[in-house]
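Read off the chains here:
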Amino acid sequence: MVFLRKVNALLVRWIGLIILACSAVAYLFPSLFAWTVPHTSAFLAVIMFGMGLTIETGAFRTVLTHPKALFAGCAAQFTMMPLLAWGLSSLFSLPADLALGVILVGCAPGGTASNVITYLARGDVALSVAMTVCSTLMAPVATPLLVYLLAGSRVDVSFWAMVFSVLKIVLVPVVAGLVLRRVSWGVVRGVTDFCPIVSVMGIILIVGGIIAVNAEKIAESGLLVLLLVFLHNGAGLLLGLLLAAALGMNYAGSTAVSIEVGMQNSGLAVALATVHFAANPMATLPGALFSAWQNISGSLFAGWRRKGDRRVGEA
């Protein structure tokens, strides 16, 4: 177990560079990762199940006594990021495939990576986890509805089919993990040490697969998509920080809200694009590149916030 904790610590510390390196390998040697694409939904479901296993429900008691931050974070998740995605798509006059992919990312709930980055930044981890769980529970309705409203004029969006997909891929595994942790903690306790490793491997396989099968298209439009991902993620982090400041939140809370708003469950965006928009193959690309970039930017953001934390002397 000591060895596993050391491996987990290394993965947490270097997750951005690990995903970037594996993405480069997938781009240069597509055959190593192309096989993963048909299993994207299964990999994401495993990640979500692991999230459920690691959630400590007792950590929410303190957070729920101060619901303002929780509500603000979840509301920003499903307003700022979708509108930013729609605005960037319109500003750059993106073709339908890429616009759909950017909007899917913007309409996704928070991802588990935000909890890791919040921990690294010395933010309020309990608040971060609470926001991720709440946005995840809202996703079966919020994500399909927002995609339908923002992208329905560009491509054919099947609202109910997406609802059932999000339920199957996200909500059911999370709830199953929560229930299993609750009823069999003695068994689950040893398994949770493996969850970060499994999550990182799942993200690598999802991102690597999408990059592998889109290697030629990345060469054509990858720089544009990277620019959009950079702007989308960066604006989300900044707007989350400004929102927290407007609400008068402390360092730990504002850090958690900023990271939660700026980082998305881009794996879900990739899975939905793969399952429901096969006629729009480029729609998977923004989610894959967002997955790679957000972990790098999140790590840099965490380092910057930690320096600020030491400078002002806050806990």
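Residues numbered from 1 in each chain as written. Predicted model: local features only at pLDDT ≥ 70, side-chain atom pairs only at ≥ 80, totals over all residues. Heavy atoms only, no water.

Undergrad: A description of the overall build of the protein chain should follow, citing residues and the corresponding values.
TA: In terms of helices and strands, the protein chain carries 15 helices and zero strands. Expected size for 315 residues packed as a compact globule is a radius of gyration near 20 Å; at 18 Å, the protein chain falls within 12% of this value. Classification of the 315 residues of the protein chain by burial places 55% in the buried group. By sequence separation, contacts in the protein chain at least 24 residues apart represent 86% of the contacts at least 6 residues apart. Per element, the accessible surface of the protein chain, about 13700 Å² overall, is 72% carbon and sulfur. Between the mean site of the 17 positive side-chain charges and the mean site of the 10 negative ones, the protein chain shows a separation of 11 Å. (Helix = DSSP H or I, 4+ residues; strand = E, 2+ residues; numbered from the N terminus. Rg over C-alpha atoms; globule rule 2.2 N^0.38 Å. Buried < 20%, exposed > 50% of the residue type's maximum accessible area, 1.4 Å probe, protein only. Contact = heavy atoms within 4.5 Å. Areas by Shrake-Rupley, 256 points an atom, 1.4 Å probe, with all protein chains shown as cover. Lys, Arg positive; Asp, Glu negative; His and termini not counted. Charge placed at Lys NZ, Arg CZ, Asp CG, Glu CD.)

Undergrad: Quick one: what's the story with the nonpolar core, residue by residue and with numbers?
TA: Judged by nonpolar contacts, the single largest core of 79 residues is most densely connected at Leu100, Leu104, Leu127 and Val147. Looking at which element gives the most residues to this core, the answer is helix 8 (residues 125–151), with 11 residues. If you look at the next biggest cluster of nonpolar residues, it comprises 10 residues, including Leu120, Leu241, Ile259 and Phe301. (Core = buried A, V, L, I, M, F, W, Y, C linked by side-chain atoms within 4.5 Å.)

Undergrad: Could you give me a rundown of the side chain of serine 89, with the residues and numbers involved?
TA: Its location among the elements puts serine 89 in helix 5 (residues 80–91). Residues within four places of serine 89 in sequence aside, it is in contact with Leu94, Ala99, Val102, Ile103 and Arg154.

Undergrad: Go over the confidence of the model for the protein chain with me, naming the residues and quoting the values.
TA: Considering every residue of the protein chain, the mean pLDDT works out to 83; 91% of them sit at 70 or more. For the protein chain, per-element mean pLDDT is lowest for helix 3 (residues 60–64), which scores 66, and highest for helix 5, which scores 95. Every residue in residues 311–315 scores below 50 in pLDDT, and together they form four contacts with partners more than four places removed in sequence or on other chains. (pLDDT = per-residue confidence, 0-100.)

Undergrad: Break down the side chain of serine 165 for me, citing the residues and quoting the values.
TA: Relative to the assigned elements, serine 165 resides in helix 9 (residues 159–183). Classification of serine 165 as buried rests on a relative accessible area of 8%. With residues up to four places along the chain from it excluded, the contact list for serine 165 reads Val170, Leu272, Val275 and His276.

Undergrad: Account for a nonpolar patch on the surface, naming residues and giving values.
TA: A surface patch of nonpolar side chains, about 510 Å² in accessible area, is lined by Leu91, Phe92, Leu224, Leu227, Phe230 and Leu231. Looking at the nonpolar patch, the element that brings in the most residues is helix 12 (residues 215–246), giving four residues. Among the secondary structure elements, leucine 91 is positioned in helix 5. (Patch = residues over 30% accessible without salt bridge, like charges linked within 9 Å, V, L, I, M, F, W, Y side chains within 5 Å. Salt bridge = Lys/Arg side-chain N within 4 Å of Asp/Glu carboxyl O.)

Undergrad: Which residues make up the packing of aromatic side chains, and what are the values?
TA: All chains considered together, the criterion is met by four aromatic pairs. Ring geometry for tryptophan 35 against phenylalanine 43: centres 6.5 Å apart, planes inclined by 85°, an arrangement best described as edge-to-face. Overall, phenylalanine 43 belongs to the buried group, its relative accessible area being 18%. Ring centres of phenylalanine 301 and tryptophan 304 lie 5.6 Å apart, and the angle between their planes is 50°; on these two criteria the pair is classed as tilted. Here phenylalanine 301 pairs with tryptophan 304, and both are found in helix 15 (residues 284–312), just three residues apart, close to one helical turn. (Phe/Tyr/Trp six-rings, centres within 6.5 Å; stacked < 30°, edge-to-face > 60°.)

Undergrad: Break down empty space enclosed by the protein for me, citing the residues and quoting the values.
TA: Applying the stated criterion across every chain yields a total of two cavities of 30 Å³ or more. In this structure, the largest cavity is lined by 16 residues; those nearest its centre are Ile203, Gln264, Asn265, Ser266 and Gly267. Among the elements of the structure, helix 2 (40–54), helix 7 (112–120), helix 11 (195–213), helix 14 (266–276) and helix 15 are those that each provide at least two residues to the lining of the largest cavity. Taken together, the residues of the lining of the largest cavity break down into seven nonpolar, nine polar and no charged. The calculated volume of the second largest cavity comes to roughly 40 Å³. In this structure, the second largest cavity is lined by Val102, Val105, Val225, Leu228, Val229, His232, Pro286 and Phe290. Mapped onto the lining of the second largest cavity, the elements with two or more residues apiece are helix 6 (96–106), helix 12 and helix 15. (1 Å grid on protein atoms, 1.4 Å probe; cavity = no way out; pocket = protein on both sides within 12 Å on 5 of 7 lines; lining within 4 Å. Points joined across faces, edges and corners; volume = space filled by probe spheres on them. Nonpolar A, V, L, I, M, F, W, Y, C, P; charged D, E, K, R; others polar.)

Undergrad: Give me unusual backbone geometry: which residues, what numbers.
TA: Within the chain, serine 93 stands out as a residue other than glycine whose phi angle is a positive 50°. Position of serine 93 relative to the elements: it lies in the loop between helix 5 and helix 6. Phi angles above zero are rare outside glycine, and arginine 122 is one such case at about 60°. Following the sequence through the fold, arginine 122 ends up in the loop between helix 7 and helix 8.

Undergrad: I'd like a description of the environment of cysteine 74, backed by residues and values.
TA: Take cysteine 74: it is sitting in helix 4 (residues 67–77). According to the relative accessible area criterion, cysteine 74 is buried, its value standing at 7%. Considered as a pair, cysteine 74 and leucine 84 are 10 residues apart in the sequence and their alpha carbons are 15 Å apart. Cysteine 74 has contacts with Met131, Cys134, Ser135 and Met138, leaving out every residue within four places of it along the chain.

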